[in-house]
Amino acid sequence: MGISPEEDEAWMRYAFRLAQRAEQCGEVPVGAIVVKDNRCIAEGWNSVITHHDPTAHAEIVALRAAGLALKNYRINDTTLYVTLEPCVMCMGALAHGRIKRLVFGAYDPKRGAVCNALSLTDASFLNHQISWTGGVLESQCAEQLRDFFRARR
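These notes cover the structure that comes with them. Fair warning: this is a prediction, and the values are worked out from it, not measured in the lab.

So, helix α3 (residues 88-96)
Burial in α3 covers these residues: C90, M91, G92, L94 and A95. Among the structural elements, α2 (58-70), β3 (79-84) and β4 (101-106) are those in contact with the buried residues of α3. Taken from the residues just after α3, R98 is the one with a positive phi, measuring 65°.

Right, here's the structure in full:
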């Protein structure tokens, strides 16, 4: 049995709240969670500025926490929810971690590595393919990002 669109939306709302935490810290508002067996096992939000770490994207922070929670660098049979289409760095990490499914909110036409700038979910040179669903709460996630950048200009 698959996950319903309503369940995806509920988990995306959780990730959206984490994106709000990032924004409160002056970070680009992106939030991510890792779900296994219908339970959130890890969460993260952008913290590149806070941690002086260019790899501290929401997805990477959540993957690190999931690895610790599972005591394994393979994060099998999980779904990662994130409010923005992942970049190339994050897609590489998702593939290496063996994430089963990816669900994201807003599309990123310039840097998205799922289906926009690159299509890494089914790249033949990667030894793991990730199923994905995009556009879950898309308008809410995209508006949050637009508002953030508009306020900074």
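Structural notes on the nonpolar core
By size, the foremost hydrophobic cluster in this structure holds 41 residues, and its most contacted members are M12, V34, L80, M91, L94 and L102. Those elements giving two or more residues to this core turn out to be α1 (5-24), β1 (31-36), β2 (39-45), α2, β3, α3, β4 and α4 (138-152). Each residue touching M12, except ones within four places of it in the same chain, is listed here: Y81, V82, T83, V103, F104, G105, V136, L137 and C141.

What to know about the environment of D8
Tracing the backbone through its elements, the reader meets D8 in helix α1. Considering only alpha carbons, one finds D8 and T55, 47 residues apart in sequence, at a separation of 26 Å. Beyond its immediate sequence surroundings of up to four residues, D8 is in contact with I3, Y81, R101, V103 and V136. A distance of 2.6 Å separates the side chain of D8 from the side chain of R101, its partner in a polar contact.

Examining the pairing of β4
In terms of burial, β4 is a largely internal element, six of the six residues being buried. Here five bridges tie β3 to β4, and the two strands are oriented parallel to one another. Considered in β4, the bridge of V82 is made with F104. In terms of handedness, the path from β3 via α3 over to β4 forms a crossover that is right-handed. When β4 meets strand β5 (residues 131-133), the two strands line up parallel, connected through three bridges. The residue of β5 that forms the bridge with V103 is T133.

What about the pattern of salt bridges?
Evaluated as defined, the whole model comprises four salt bridges. A salt bridge links D53 to R64; the shortest N-O distance between them is 3.6 Å. Remark: R64 occurs in helix α2 and D53 occurs in the loop between β2 and α2; sequence separation between them is eleven residues. R150 is the salt-bridge partner of D147, the closest N and O atoms lying 2.9 Å from each other. Of this pair, D147 and R150 both sit in helix α4, three residues apart, which is roughly one turn of that helix.

Cut-offs applied
Within each chain, residue numbers correspond to sequence positions counted from 1 in written order. The predicted origin of the model limits local features to residues at a pLDDT of at least 70 and limits the giving and counting of side-chain atom pairs to 80 or more, whereas totals for whole chains, interfaces and linings rest on all residues. Note that water and hydrogens are dropped before the side-chain values are worked out from all heavy atoms of the structure. The buried label applies to any residue whose accessible area, calculated with a 1.4 Å probe on protein chains only, is under 20% of its type's maximum; exposed applies above 50%, and partly exposed to all values in between. In this description a helix means any DSSP run of H or I spanning at least four residues, a strand means any run of E spanning at least two, and both kinds are numbered starting from the N terminus. The contact definition used throughout considers only heavy atoms, calling two residues in contact when any of these lie within 4.5 Å. The nonpolar core is taken to be a set of buried Ala, Val, Leu, Ile, Met, Phe, Trp, Tyr and Cys residues, with the residues joined through side-chain atoms within 4.5 Å. For the purposes of these results, a polar contact is taken to be a pair of N or O atoms within 3.5 Å, where, inside protein, one atom must be able to donate a hydrogen and its partner to accept one; residues adjacent in sequence count only when each atom of the pair is a side-chain atom. Strands are labelled as partners when DSSP assigns at least two bridges between them. Orienting the strands away from the viewer, one traces the path from the first strand over the helix to the second; a clockwise path indicates a right-handed crossover. Here a salt bridge means any side-chain nitrogen of Lys or Arg lying within 4 Å of a carboxyl oxygen belonging to Asp or Glu.

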